[in-house]
Amino acid sequence: MENNEPKVTGIGGIFFRSKDPSSTRAWYAQHLGLAMTDYGSSFEFRNAHRPDEINYLQWSAFEETTDYFDPSEKEFMINYRVQNIEALVAKLKEEGVNVVDDIVEYDYGKFVHLMDPEGNKIELWEPKDSVFTKMGGPTTK
């Protein structure tokens, strides 16, 4: 039986503001070997509990003027992979955590955002990694 406890299971993404995202992506590709798309680099790794399953971590440089990190004024945002996002959000709300929006679902997973006590916006993601695997494309391994 699989554990479906509402919790974080890993890092899903590292996002940061950049004066020139295109040049930043090119620098990381050239000098550090990251496989790039227009969205950044997808790091591929194996699920520890299901080794045949490929999981992904997204690295992305955003425009310096993006409002995606709002209401945070920080230069970065971390995306955490979670399981049972609905139960986790309910628990967080009961604990008085500032959940800033409603859960939104896309074909590649469910997302919601919250603020930590330091004013950092956090993105929670319950992924559907199989969608990325089917899409293919370059990944950093």
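Description of the structure in this document. (Residues numbered from 1 in each chain as written. Predicted model: local features only at pLDDT ≥ 70, side-chain atom pairs only at ≥ 80, totals over all residues. Heavy atoms only, no water.)

## Side note on the layout of surface pockets
For the record, the criterion: Cavities and pockets are found on a 1 Å grid laid over the protein atoms alone: a cavity is a set of points where a 1.4 Å probe fits but cannot escape, a pocket is an open set with protein on both sides within 12 Å along at least five of seven lines, and a lining residue has an atom within 4 Å of such a point. Grid points are joined across faces, edges and corners, and a volume is the space filled by probe spheres set on the points. Only DSSP runs of H or I reaching four residues or more are called helices, and only runs of E reaching two or more are called strands; each is numbered from the N terminus. Note on residue categories: nonpolar means Ala, Val, Leu, Ile, Met, Phe, Trp, Tyr, Cys or Pro, charged means Asp, Glu, Lys or Arg, and polar means any other residue, Gly included.
Of the pockets and cavities examined, the largest pocket occupies roughly 770 Å³. Taken together, 31 residues line the largest pocket, and the ones lying closest to its centre are Tyr 39, Gln 58, Ser 60, Tyr 108 and Phe 132. Every element with two or more residues in the lining of the largest pocket is listed here: β1 (7-18), β3 (54-63), β6 (104-106), β7 (109-115), β8 (121-127) and α3 (129-135). Residue composition of the lining of the largest pocket, by class: 16 nonpolar, 10 polar and five charged.

## Examining the environment of Gly 10
To keep it simple, the criterion reads: Relative accessibility thresholds used throughout: buried, under 20% of the residue-type maximum; exposed, over 50%; partly exposed, between the two (1.4 Å probe, protein chains only). Residues count as neighbours in contact if any of their non-hydrogen atoms are within 4.5 Å of one another.
Mapped onto the elements, Gly 10 comes out in strand β1. We classify Gly 10 as partly exposed; its relative accessible area is 23%. Apart from the residues within four sequence positions on either side, Gly 10 is in contact with Tyr 80 and Arg 81.

## Focus: the environment of Glu 73
Examined against the element boundaries, Glu 73 turns out to sit in the loop between β3 and β4 (76-83). You can call Glu 73 exposed: its relative accessible area is 75%. Residues Glu 73 and Met 115, spaced 42 residues apart in sequence, show a C-alpha to C-alpha distance of 11 Å.

## Some points on the pairing of β1
The test is simple: Whether two strands pair depends on DSSP finding at least two bridges between them.
Across eight bridges, the pairing between β1 and β4 is antiparallel. Its bridge partner being in β4, Phe 15 is matched across the sheet by Met 77.

## A word on helix α2 (residues 85-94)
Spelled out, the test is: To obtain the arc, one takes the directions from the helix axis to the C-beta atoms.
Within the span of α2, buried status applies to Ile 85, Leu 88, Val 89 and Leu 92. Here the buried residues of α2 occupy an arc of 100° about the axis, which is enough to place them on one side. Contacts made by the buried residues of α2 are with β1, β4, β5 (98-99), β7 and β8.

## Re unusual backbone geometry
Residues Asp 70 and Pro 71 are joined by a peptide bond in cis, for which omega reads 10°. Looking at where Pro 71 falls in the secondary structure, it is placed in the loop between β3 and β4.

## Details of the packing of aromatic side chains
The geometry of two aromatic rings is summed up by the distance between their centres and the angle between their planes. Counted only if it meets this: Side-chain rings of Phe, Tyr and Trp, where Trp is taken by its six-membered ring, are said to pair if the distance between their centres is within 6.5 Å; with planes under 30 degrees apart they count as stacked, over 60 as edge-to-face, and otherwise as tilted.
This structure, assessed with the given rule, holds 13 aromatic pairs. For the pair Tyr 108 and Phe 132, a centre-to-centre distance of 5.7 Å together with 50° between the ring planes defines the contact as tilted. Linking Tyr 108 in the loop between β6 and β7 with Phe 132 in helix α3, this pair joins segments that are 24 residues apart in sequence. Relative accessible area serves as the criterion here: at 27%, Tyr 108 is assigned to the partly exposed category. Measuring from ring centre to ring centre gives 6.0 Å for Phe 111 and Trp 125, while their planes differ by 5°; the resulting arrangement is stacked. Taken together, the residues span a long stretch of sequence, with Phe 111 in strand β7 and Trp 125 in strand β8 at a distance of 14 residues.

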